[in-house]
Amino acid sequence: MRLQNKVAVITGAGSGMGKAMADMFAAEGARVICADISGQEKEVVAKIGDAARAVHVDVACEADVQNMIAVAEKAFGRVDILCNNAGFGGGMAPIHEQTTENWDRVHSVNLKGVFFGIKYGVISMLKTGGGAIVNTTSASGVVGWKHHGIYGAAKAAVNQLTKIAALDYADSRIRVNAIAPGTIWTGLVPASRENPIPPPGTRRLPGIPIDRWGVAREIAAAALFLASEEASYITGTILPVDGGYCIGFSGMGAEHSGMPDA
Ligand SMILES: NC(=O)c1ccc[n+]([C@@H]2O[C@H](COP(=O)([O-])OP(=O)(O)OC[C@H]3O[C@@H](n4cnc5c(N)ncnc54)[C@H](O)[C@@H]3O)[C@@H](O)[C@H]2O)c1
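Criteria and thresholds
Residues numbered from 1 in each chain as written. Predicted model: local features only at pLDDT ≥ 70, side-chain atom pairs only at ≥ 80, totals over all residues. Heavy atoms only, no water. Core = buried A, V, L, I, M, F, W, Y, C linked by side-chain atoms within 4.5 Å. Buried < 20%, exposed > 50% of the residue type's maximum accessible area, 1.4 Å probe, protein only. Helix = DSSP H or I, 4+ residues; strand = E, 2+ residues; numbered from the N terminus. Salt bridge = Lys/Arg side-chain N within 4 Å of Asp/Glu carboxyl O. Pairing = 2+ DSSP bridges. Axes fitted to C-alpha atoms, helices over the stretch in contact; angles between N-to-C directions. Contact = heavy atoms within 4.5 Å. Expected span 1.5 Å × (residues − 1). Parallel < 35°, antiparallel > 145°, perpendicular 65-115°, else oblique. Left-handed = near helix turned anticlockwise from the far one by under 90°. Nonpolar A, V, L, I, M, F, W, Y, C, P; charged D, E, K, R; others polar. Near = heavy atom within 4 Å. Polar contact = N/O pair within 3.5 Å; in protein donor to acceptor, adjacent residues only side chain to side chain.

Draft legend 1. Summary view of the nonpolar core. With 31 residues, the main nonpolar core has I10, M21, F25, V32 and I179 as its most contacted residues. Among the secondary structure elements, those contributing two or more residues to this core are β1 (7–11), α1 (16–27), β2 (31–36), α2 (41–48), β4 (81–84) and α7 (216–227). Of all hydrophobic cores here, the second largest spans 28 residues; its members include V7, A35, A86 and I174.

This is the structure:
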């Protein structure tokens, strides 16, 4: 029960990683606010029971985010943990084919939504003497991914926002960290849905040393750690949870490296 008596607000809790966080946090003793734009957050809450409440939120809307935090305070008295997890991919394409509308759409949710979350989450946590914020960014905000210009730029900005928020609030006992998922099998990535973990010996995702898709509970486990007291001396970190993807190039084994034997 690592989150006993804690109150956690999770955005994007209707599916994927956010749903996994809500289930795992509740199992660890937290009361959880499941916030999403989809309506699916109600099903998540129905399964968890009395320890959860659903809130409809568009994280790109400042008034919605402010209301989300107010609902948490009204229902459970405080906010100890905030997971700014809601996000979406947007169209992937070379930059010259992208539109200004798509830039605004992706950045209003994936970046501005995190700014609103931090702002109102912090205002609440300052009243109760501290807390933990965990932002979901992306490996594509750590290293460059082809055709991910708009999405990757938003996620890289969230990484920087995470570090600066960690500095701003370290002396207020608010820790701010981020998780940078690699390729995780959720609704965001419909490809290979039928077979998320390739059989041994096949390599459906070259460049991933652990040679398979990640799954949502592996992200939730990292969020649980960063949100819990176990991470009490960790702030401002961007934690890759990516099967080793961000370490570097792993596409060639020694046998194919082309390097001559000594
Ligand atoms: N799946 C991956 O491979 C991957 C990799 C790196 C980062 N991410 C990031 O992880 C986070 C979670 O994604 P996921 O893979 O679980 O996808 P998902 O689609 O299963 O879940 C995302 C949730 O966010 C909600 N959402 C979207 N826009 C919203 C808005 N404006 N307001 C409120 N809720 C909104 C959706 O309704 C959905 O329930 C996202 O921030 C995503 O960018 C995902």
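Here the narrative resumes.
Draft legend 2. Spotlight on the pattern of salt bridges. In the structure shown here, the tally under the stated rule is seven salt bridges. One salt bridge connects R2 with E28, and the closest N-O pair in it is separated by 3.7 Å. Here E28 lies in the loop between α1 and β2 and R2 lies in the segment before β1, a separation of 26 residues in the sequence. The exposure class assigned to E28 is buried, which follows from its relative accessible area of 17%. Where R2 meets E230, a salt bridge forms, and the shortest distance between an N and an O atom there is 3.3 Å. Highlighted residues: R2 in the segment before β1 and E230 in the loop between α7 and β9 (238–241), separated in sequence by 228 residues. Classification of E230 by relative accessible area gives partly exposed; the value is 48%.

Draft legend 3. Structural view of the sheet that holds strand β6 (residues 174–181). Reading across from one edge, β3-β2-β1-β4-β5-β6-β9 is the order of the seven strands in this open sheet, with parallel pairing throughout. Edge positions in the sheet fall to β3 (52–56) and β9, since each has one partner strand and no second. Pairs of neighbouring strands in the sheet enclose a mean axial angle of 20°, with direction left out of account. In terms of strand pairing, β6 meets β9 through four bridges, oriented parallel. If you follow I179 over to β9, its bridge partner there is L239. In the packing of α1 onto the sheet, the strands contacted are β1, β2, β4, β5 (131–136) and β6, and the crossing angle to β1 comes to about 165°.

Draft legend 4. Region of interest: helix α5 (residues 112–128). Between its first and last C-alpha atoms α5 spans 25 Å; for 17 residues at 1.5 Å apiece the expected length is 24 Å, and the two agree. Every buried residue of α5 is listed here: G113, V114, F116, G117, I118, Y120, G121, V122, S124 and M125. At its buried positions, α5 is contacted by α3 (62–76), β4, α4 (100–110), β5, α6 (149–169) and β6. The first or second residue beyond α5 is G129, which carries a positive phi of 95°.

Draft legend 5. Looking closely at the packing of α5 against α6. Relative orientation of the contacting elements α5 and α6 amounts to 15°, with a least axis distance of 11 Å. With respect to their mutual orientation, α5 and α6 come out roughly parallel. As for how α5 packs across α6, the hand of that crossing is right-handed. Across the interface between the two elements, V114, F115, I118 and V122 of α5 pack against V158, L161, A165 and Y169 of α6. Across the contact of α5 with α6, the residue classes break down as eight nonpolar, no polar and no charged.

Draft legend 6. Representation of the site of the ligand. Near the ligand you find 26 residues, and of these D36, N85, Y151, I184 and T186 are the closest. In this structure, an oxygen atom belonging to the ligand sits 2.8 Å away from a main-chain N or O atom of I184. Measuring from an oxygen atom of the ligand, one finds a side-chain N or O atom of T186 at 2.4 Å. Secondary structure elements with two or more residues in the shell around the ligand: α1 and α6. A per-class count over the shell around the ligand returns 10 nonpolar, 13 polar and three charged.

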